[in-house]
Amino acid sequence: MKIQKIGIVGAGTMGQGLAAAMAGKGVEVILLDRTEQDLEHAKLGLELSLDHRLAKWGITEAEKKSILSRIVLGTNVSLLRDCEVVIESIWENLEDKIELLLAIEKEVGPEALLATNTSTLSITELAAQTAHPERVIGLHFHFPVDRRELVEVVRGLKTSERTVESAYRFLEALDKKAVQVFESPGFITTRLMLPLINEAVLIYAEGVATAEDIDKAMKHGFGFHIGPLELADRFGLDTVVDMLEAMFHETTDPRYRPAAYLRKLVRGGLLGTKVRKGFFQYDEWGERA
């Protein structure tokens, strides 16, 4: 499946990662957000991320320029008109995502693939509000997109086989490894990781161990690339709370009730790498300080 143009709506950390990864494959990317201020923040984030890869010899200066040249920033959904795939990657709010999908559907062609990068919400419920629920699918990418091969391909109740096959061909062209998931709250990865993060926060809040030792235990004891508390920082602690609340609302399972200390950090503005401090401190590149 040769894709020429992809739309991404939501220019936060994940949206920026998706845009850079796909532009790096030679695809033109339309990256949208609500305001010019959001776009300026996204532009700076893209520059910093690519400069970091450049400093580590991950890309060349020419490759950096090439990637940025393929990313068009904007605020108007009409820019998505010629996109063959559109991925919404905004905050985990059902009503906002439905409103966005309806706006996207009015602009794109009948063959366009409509994907949501939600990690907790129901694909069936999101798709049911659209005119063509059969072409809506969940594509749950994992951050950082350029270094994580896995994508969960999540089928809603009415997602068609054609849509699933198109999604697989699209991901294969991006060199991603797809796993198929029949819709269930949290899919596979979120369902497993959120209780682990929440329990790690509880262990830390109870004074059982330091944040450093909790993460060290999971990295060296179980082979994790990064520990659960650093993972929470990289997700964004406010995002983790939102995901936990969505899962708790959907399942009423107490495992997903956000730890009080996690809420406390969010109220205090300690949101993780996006503000350089959460459970750990980070430099401007998002590296541990």
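Keep in mind the model is a prediction, meaning the values are calculated, not measured.

Engineer: Can you walk me through helix α6 (residues 161-173) in this structure?
Structural biologist: Residue pairs three or four apart in sequence face the same way in an α-helix, which turns once every 3.6 residues. The terminal C-alpha atoms of α6, which comprises 13 residues, lie 19 Å apart, in line with the 18 Å expected from a rise of 1.5 Å per residue. By the burial criterion, the buried members of α6 are Thr163, Val164, Ser166, Ala167, Phe170 and Leu171. Projected down its long axis, α6 shows its buried positions confined to an angular sector of 160°, all on one face. Residues of α6 that are exposed and point over 90 degrees away from its buried face: Arg162 and Glu172. Following α6 by one or two positions, Asp175 has its phi on the positive side, about 65°.

Engineer: Is there a simple way to explain the side chain of Glu92 in this structure?
Structural biologist: As for its placement among the helices and strands, Glu92 is situated in the loop between β4 (85-88) and α4 (94-107). A polar contact is formed between the side chain of Glu92 and the side chain of Thr118, at a distance of 2.9 Å. A distance of 3.3 Å separates the side chain of Glu92 from the backbone nitrogen of Ser119, its partner in a polar contact. When sequence neighbours within four positions are dropped, the list of residues in contact with Glu92 reads Lys97, Thr118, Ser119, Thr120, Leu121 and Met243.

Engineer: Hey, could you run me through the UniProt feature "domain: 3-hydroxyacyl-CoA dehydrogenase C-terminal" (unreviewed entry) in the chain in this one?
Structural biologist: UniProt feature "domain: 3-hydroxyacyl-CoA dehydrogenase C-terminal" (unreviewed entry): in the numbering of this structure it lies at residues 186-282. Note that residues 186-282 is 62% helix and 0% strand, and that its end C-alpha atoms are spaced 28 Å apart.

Engineer: Quick question: what am I supposed to make of the packing of aromatic side chains here?
Structural biologist: Pairs of aromatic rings are described using the distance from one ring centre to the other and the angle between the two planes. Evaluated as defined, the whole model comprises three aromatic pairs. Measuring from centroid to centroid gives 5.6 Å for Tyr204 and Phe279, while their planes differ by 85°, and the two rings are edge-to-face. Linking Tyr204 in helix α7 (residues 189-205) with Phe279 in the segment after α11 (260-267), this pair joins segments that are 75 residues apart in sequence. Using a relative accessible area of 27% as the deciding quantity, one classes Tyr204 as partly exposed.

Each value, and the rule that gives it
Residue numbers restart at each chain and count upward from 1, following the sequence in its written direction. Totals for whole chains, interfaces and linings use all residues, but because this is a predicted model, local features are given only for residues with pLDDT of at least 70 and pairs of side-chain atoms are given and counted only at 80 or more. The basis for every side-chain value is the complete set of non-hydrogen atoms in the structure, without hydrogens or water. Helical segments are the DSSP runs of H or I of at least four residues, strand segments are the runs of E of at least two, and each set is numbered from the N terminus. Helix span, expected: 1.5 Å multiplied by one less than the number of residues in the helix. Note on exposure labels: buried denotes an accessible area under 20% of the residue type's maximum, exposed denotes more than 50%, and partly exposed covers the range between, all computed with a 1.4 Å probe on protein chains only. It is the directions from the helix axis to the C-beta atoms whose arc is reported. Polar contact criterion, stated in full: a pair of N or O atoms within 3.5 Å, where within protein one must be able to donate a hydrogen and the other to accept it, and residues adjacent in sequence count only if both atoms are side-chain atoms. For this analysis, residues touch if any pair of their heavy atoms sits within 4.5 Å. UniProt positions are given in the numbering used here, feature names are shortened, and annotations may be inferred rather than shown by experiment. For this analysis, a ring pair means two rings from Phe, Tyr or Trp (six-membered ring only for Trp) whose centres lie within 6.5 Å, classed as stacked if their planes differ by under 30 degrees, edge-to-face if by over 60, and tilted for the remaining angles.

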